[in-house]
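# Descriptive structure summary
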Amino acid sequence: MKTNNILMILIMLTFAGATWLITENHALKHREIDMMDKWFHMEEDLSDMQVEIFDMKTQMNRIESLIDEMAIDYSDTNTVNYN
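Residues numbered from 1 in each chain as written. Predicted model: local features only at pLDDT ≥ 70, side-chain atom pairs only at ≥ 80, totals over all residues. Heavy atoms only, no water.

Our next topic: the overall build of the protein. Along the protein, the regular secondary structure elements total one helix and zero strands. Of all 83 residues assigned to the protein, the portion counted as buried reaches 0%. With the model as given, the accessible surface of the protein reaches about 8,400 Å², and the carbon-plus-sulfur share is 67%. (Helix = DSSP H or I, 4+ residues; strand = E, 2+ residues; numbered from the N terminus. Buried < 20%, exposed > 50% of the residue type's maximum accessible area, 1.4 Å probe, protein only. Areas by Shrake-Rupley, 256 points an atom, 1.4 Å probe, with all protein chains shown as cover.)

Spelled out as structure tokens, the structure:
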């Protein structure tokens, strides 16, 4: 009789342990999926930022070229011809 009780207790503990492992594994996989989602969102944000930085550099180059053209035009109007 004691053997049957011990065997029953071992079976119950094994079942409880297996249930706990399945639950914990599911929670770990859920956290892993969340981390992967965050990683992909971060990569998307980084690529968006790279595009924005490229656009800003393009705009800065345009502004610099406009300033250079304005400086050339201004220097042309300030030349004095004494003849």
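With that out of the way, let us pick up a negative patch on the surface. Together, Glu43, Glu44, Asp45, Asp48, Glu52 and Asp55 make up a region of like negative charge exposed at the surface. Looking at the element boundaries, aspartate 45 is found in helix H1 (residues 2–77). (Patch = residues over 30% accessible without salt bridge, like charges linked within 9 Å, V, L, I, M, F, W, Y side chains within 5 Å. Salt bridge = Lys/Arg side-chain N within 4 Å of Asp/Glu carboxyl O. Lys, Arg positive; Asp, Glu negative; His and termini not counted. Charge placed at Lys NZ, Arg CZ, Asp CG, Glu CD.)

A grouping of Ile6, Ile9, Leu10 and Leu13 is seen on the molecular surface, where their side chains present a nonpolar patch of about 400 Å² in accessible area. Mapped onto the secondary structure, isoleucine 6 falls in helix H1.

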